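Working through the structure, step by step
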Amino acid sequence: MRKGLQIDKPGDTMSKVHGGMKCVKYLLFVFNFIFWLSGLLVLAVGLWLRFDPNTVDLLTGDGAPKTFFIAIYILLSAGGLMMVVGFFGFFGAMRESQCLLASFFACLLIIFGAEITAGVFGFLNKEEIAGEIQRFYKDSIAEDNPNGTAIAVLYHRHLNCCSLENSQALCEDSPEERMDCLTAIANFVDEKLYIVGYIGIGIAGVMIIGMVFSMVLCCAIRNSREVI
């Protein structure tokens, strides 16, 4: 008569999911750990781009373009948010909370959308970012710029380049086979953006897996409550 009622004994677990869903739950634990590490990686890459000696020397100073640093600050914010959301999803899976798991899914979806938007914006405006830095370099080698020599020397040293336009004296000590600085600047921006892009693609794939796991576990918890 009481077969339909199952009362948990003190030694029983409080888990609402069983069988294959337990596997999904533990996979979600693993995912959240990987996602947290991914956030740490994004944060580390953002800090590296922000404090990389080449970046700091080339993109700081009066009149230097700020667009590149704005993108880096967005990257740092995304990395920190990913680490927080990773903990959020871990506790949601541990407590088997529909609310926490649904919130975790929503956060992943928002981060995923923001990442795609930022990536598309960055690559569509890649030439504009490079153009701003190139204009800054051109202004630095103008004859009426008192600080131009110091800025131009930094670009020549870090990018191993030299432009003969308005800066013949600055190129005297440069090697014969040297790249034009405007081309070197474009390559510099490409290199940094591709690093960010490849990391973003990898993290986007991880987030899709996390969204699937969290939604499957959330539905399993809901179904177990309906059965009870």
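See the structure printed just above.
To start, this report covers the structure provided alongside it. This is a predicted model, so every value here is computed, not measured.

A short note on the packing of helix α3 (residues 67–95) against helix α4 (residues 98–124)
Close contact between α3 and α4 brings their axes to 8 Å; oriented N to C, the two are set at 155°. It follows from the interaxial angle that α3 and α4 lie roughly antiparallel. Our pair here, α3 against α4, has a crossing hand that is left-handed. Between α3 and α4, the residues in contact are Leu81, Met82, Val85, Phe88, Gly89, Phe91, Gly92 and Ala93 and Leu100, Leu101, Ser103, Phe104, Cys107, Leu108 and Ile111, respectively. Here the residues of the contact of α3 with α4 sort into 12 nonpolar, three polar and no charged.

Comments concerning the nonpolar core
Across soluble globular proteins, nonpolar side chains show a tendency to be buried alongside one another. In terms of nonpolar packing, the biggest core is built from 45 residues, with Leu108, Tyr155 and Leu159 touching the most fellow members. Residue assignment for this core shows that the elements contributing at least two residues are α1 (20–51), α2 (53–59), α3, α4, α5 (126–140), α6 (148–159) and α7 (181–227). In terms of residue count, α7 provides more of this core than any other element does, 12 residues in total. Residues contacting Tyr155, with those up to four places away along its chain left out, are Leu58, Leu59, Ile133, Phe136, Tyr137, Asn160, Cys161 and Ile185.

Topic: the pattern of salt bridges
In total, this model carries two salt bridges according to the counting rule given. For Asp52, the salt bridge is made with Lys192, and the minimal N-O distance between the two is 3.4 Å. Of this pair, Asp52 sits in the loop between α1 and α2 while Lys192 sits in helix α7; the two residues are 140 residues apart in sequence, bridging distant segments of the chain. Both residues of the pair, Asp52 and Lys192, count as buried. Where Lys126 meets Asp190, a salt bridge forms, and the shortest distance between an N and an O atom there is 3.6 Å. Note that Lys126 is positioned in helix α5 and Asp190 in helix α7, a separation of 64 residues in sequence. The partly exposed category is assigned to Asp190, whose relative accessible area is 23%.

What counts, and where the lines are drawn
Residues numbered from 1 in each chain as written. Predicted model: local features only at pLDDT ≥ 70, side-chain atom pairs only at ≥ 80, totals over all residues. Heavy atoms only, no water. Axes fitted to C-alpha atoms, helices over the stretch in contact; angles between N-to-C directions. Helix = DSSP H or I, 4+ residues; strand = E, 2+ residues; numbered from the N terminus. Parallel < 35°, antiparallel > 145°, perpendicular 65-115°, else oblique. Left-handed = near helix turned anticlockwise from the far one by under 90°. Contact = heavy atoms within 4.5 Å. Nonpolar A, V, L, I, M, F, W, Y, C, P; charged D, E, K, R; others polar. Core = buried A, V, L, I, M, F, W, Y, C linked by side-chain atoms within 4.5 Å. Buried < 20%, exposed > 50% of the residue type's maximum accessible area, 1.4 Å probe, protein only. Salt bridge = Lys/Arg side-chain N within 4 Å of Asp/Glu carboxyl O.

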